[in-house]
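# Working through the structure, step by step
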Amino acid sequence: MTKAKAKAAPAEPLKNAPLDIRAMLAKEAAESASKISVSNNDRIKFMKGGTIVAPDGSEGSEFDVVILDFASMNLYYDRPYQKDVIFPPACFAIGESPSTMVPSPNAPVKCADTCASCAFNQFESALVGKGKACKNTRLIAVAPIDAAAGEEPIWIASIPPTSIKPFDAYVSSLAIRHNTSPLGVVTTMYLDPASDFAAPRFKLARALENEELEIFFAMRDSAKKRLFVEPDVSGYEAPVKKRGR
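Residues numbered from 1 in each chain as written. Predicted model: local features only at pLDDT ≥ 70, side-chain atom pairs only at ≥ 80, totals over all residues. Heavy atoms only, no water.

Now for the overall build of the protein. For the protein, the count of helices and strands is 4 helices and 9 strands. Within the protein, buried positions represent 35% of all 245 residues. The contacts in the protein between residues at least 6 apart in sequence include a share of 58% that link residues at least 24 apart. Per element, the accessible surface of the protein, about 15,900 Å² overall, is 55% carbon and sulfur. (Helix = DSSP H or I, 4+ residues; strand = E, 2+ residues; numbered from the N terminus. Buried < 20%, exposed > 50% of the residue type's maximum accessible area, 1.4 Å probe, protein only. Contact = heavy atoms within 4.5 Å. Areas by Shrake-Rupley, 256 points an atom, 1.4 Å probe, with all protein chains shown as cover.)

Strand order in this open sheet of 3 strands is 1-2-3, and the pairing throughout is antiparallel. Two strands lie at the open edges of the sheet, namely strand 1 (45-47) and strand 3 (59-60), each paired on one side alone. Direction of pairing for strand 2 (residues 51-53) relative to strand 3: antiparallel, over a ladder of 2 bridges. Paired with Ile52 across the two strands is Gly60, which belongs to strand 3. (Pairing = 2+ DSSP bridges.)

Residue placement: Asn136 occurs in strand 6 (residues 134-144). A distance of 3.0 Å separates polar atoms of two side chains, one belonging to Asn136 and the other to Asn121. If near-sequence neighbours (up to four positions away) are discounted, Asn136 is found in contact with Met73, Asn74, Asn121, Pro160, Pro161 and Ile164. (Polar contact = N/O pair within 3.5 Å; in protein donor to acceptor, adjacent residues only side chain to side chain.)

This next bit is on the pairing of strand 6. Of all the 11 residues making up strand 6, 10 are buried; the element is thus mostly covered by neighbouring parts of the structure. Looking at chain direction, strand 4 (residues 62-76) and strand 6 are connected through 11 bridges and run antiparallel. Looking across to strand 6, one finds that Asn74 is bridged to Asn136. Pairing analysis gives 5 bridges linking strand 6 to strand 7 (residues 155-159), with the strands arranged antiparallel. By the bridge assignment for strand 7, Ile140 is matched with Ala157.

It is the rolling of a water-molecule-sized probe over the atoms that shows where space remains empty. Scanning the entire structure with this criterion turns up 1 cavity of 30 Å³ or more. Roughly 90 Å³ of volume is contained in the largest cavity. Around the largest cavity, the lining comprises 14 residues; the ones closest to its centre are Cys91, Pro103, Cys115, Cys118 and Cys134. The set of elements that each furnish at least two residues to the lining of the largest cavity consists of strand 4 and strand 5 (91-95). (1 Å grid on protein atoms, 1.4 Å probe; cavity = no way out; pocket = protein on both sides within 12 Å on 5 of 7 lines; lining within 4 Å. Points joined across faces, edges and corners; volume = space filled by probe spheres on them.)

Assignment of secondary structure puts Glu230 in the segment after helix 4 (220-227). For Glu230, the side chain forms a polar contact with the side chain of Ser104, separated by 2.8 Å. Of note is the side chain of Glu230, whose polar atom sits 2.8 Å from the side chain of Asn106.

Below is the structure:
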């Protein structure tokens, strides 16, 4: 009988490397989130019929969450929508203020110097209807209210264009009426029953207790980094132009 070879113990990464190199690699590891794409396993899904599906598989008509942070994202696709076919965006931008956003230098096609001046970011530029060819969204990073200290169950939700105004109004009302940002309260997230689409809506549930506030405030930096992870455009290919066009 041949004896199985013993597996070598996994080596500790660069255990004997000079301190300055290990420090440099640690810094690069911390910055890598902005350079790579991530899976959609942390995405909240809004379903027609009023159901919200959380990344952990739980479903419901309402979810109580804490909004850790949010950002704006613009996505321009240079070809018509096809069901069940995912194309990378040709141009995209992520920013904290919609009025100052600029296309990412990593976008395959830079459509304009600024999003505000882009022809595709104007109403009636869409191929169908009077909307914009560029899809304006809000990205929000949330955590379930039952998150424990030391955990970071950060979920991402993309707020569609038709829900941006209600979301912005909710954030504004928290600031004006309650002198707080979304991070200071529990938000109930639900879908508008009067909409034909999956339209997320938000309402104030209660203020966070001091102990809770400390837990969720500690997640804010991780949430911001996650929001600014750029979409994967490595598979982008320019659309083939038909003859005579």
